[in-house]
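Residue strings, one per chain:
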Amino acid sequence: MWSLFGHSIKFYLLSFKKTVVCSNVDAIPEAVTNGIEGLLVTPGDPYALADVILKVYDNPSFHIKMGEASRKRVELQFCYNGICGQDIVDSYHSVSTKSAKVNGTTV
């Protein structure tokens, strides 16, 4: 499930041309390249989070550059002929084709 969360970051947040600030956990580093499409911080470190937020706030050109890189990554890696989202469709399909046991019954 965590990798699906990483995919949602790629499509939802990165596509808006905004700088993404995330904790460096689970699948998030797969979705956000630190310093390119967004900034990753160590979980539980409020000082690192504050530093990153101030860096973005104090440097509008840095923020714009990261936002453009974010959108470009989505367009190049996850769109085909202007249609984005196939990666999400494939991810949901792979999850929906797996079976699980619920109260001893395969579903």
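Residues numbered from 1 in each chain as written. Predicted model: local features only at pLDDT ≥ 70, side-chain atom pairs only at ≥ 80, totals over all residues. Heavy atoms only, no water.

Quick look at the overall build of the chain now. Within the chain, the regular secondary structure consists of five helices and six strands. Starting at the N terminus, the α and β elements of the chain follow one another as α-β-α-β-α-α-β-β-α-β-β. The contacts of the chain with a sequence gap of at least 6 include a subset with a gap of at least 24, amounting to 44%. Carbon and sulfur atoms form 58% of the exposed surface of the chain, whose accessible area is close to 7,400 Å². (Helix = DSSP H or I, 4+ residues; strand = E, 2+ residues; numbered from the N terminus. Contact = heavy atoms within 4.5 Å. Areas by Shrake-Rupley, 256 points an atom, 1.4 Å probe, with all protein chains shown as cover.)

As a further point, take the pairing of strand 2 (residues 38-41). Neither face of strand 2 is left uncovered, since the one carrying Gly38 and Leu40 and the one carrying Leu39 and Val41 both have all their residues buried. Pairing geometry for strand 1 (residues 20-23) and strand 2, over four bridges, is parallel. The partner of Ser23 across the bridge, within strand 2, is Val41. (Buried < 20%, exposed > 50% of the residue type's maximum accessible area, 1.4 Å probe, protein only. Pairing = 2+ DSSP bridges.)

A few words now on the side chain of Ser70. Checked against the element boundaries, Ser70 lands in helix 4 (residues 60-78). A relative accessible area of 0% means that Ser70 is categorised as buried. Setting aside residues up to four positions removed in sequence, Ser70 forms contacts with Leu14, Lys18 and Glu37.

Per the stated rule, a full pass over the model turns up one salt bridge. Between Glu37 and Arg73 there is a salt bridge, and its shortest N-O distance comes to 3.2 Å. Of this pair, Glu37 sits in the loop between helix 2 (28-31) and strand 2 while Arg73 sits in helix 4, and the two are 36 residues apart along the sequence. Both residues of the pair, Glu37 and Arg73, count as buried. (Salt bridge = Lys/Arg side-chain N within 4 Å of Asp/Glu carboxyl O.)

In terms of nonpolar packing, the biggest core is built from eight residues, these being Leu14, Val20, Cys22, Ile28, Ala31, Val32, Leu40 and Val74. Among the secondary structure elements, those contributing two or more residues to this core are strand 1 and helix 2. Within the second largest apolar cluster, five residues are counted, among which are Leu39, Val41, Val56 and Met66. (Core = buried A, V, L, I, M, F, W, Y, C linked by side-chain atoms within 4.5 Å.)

For Glu37, a relative accessible area of 6% gives the class buried. Each C-alpha atom of the pair Glu37 and Lys17 lies 9.0 Å from the other, and the pair is 20 residues apart in sequence. In contact with Glu37, other than residues within four places in its own chain, are Leu14, Lys18, Val20, Ala31, Val32, Met66, Ala69, Ser70 and Arg73. Of note is the side chain of Glu37, whose polar atom sits 2.7 Å from the backbone nitrogen of Thr33. (Polar contact = N/O pair within 3.5 Å; in protein donor to acceptor, adjacent residues only side chain to side chain.)

No statement about biological role is implied by the geometric values presented.
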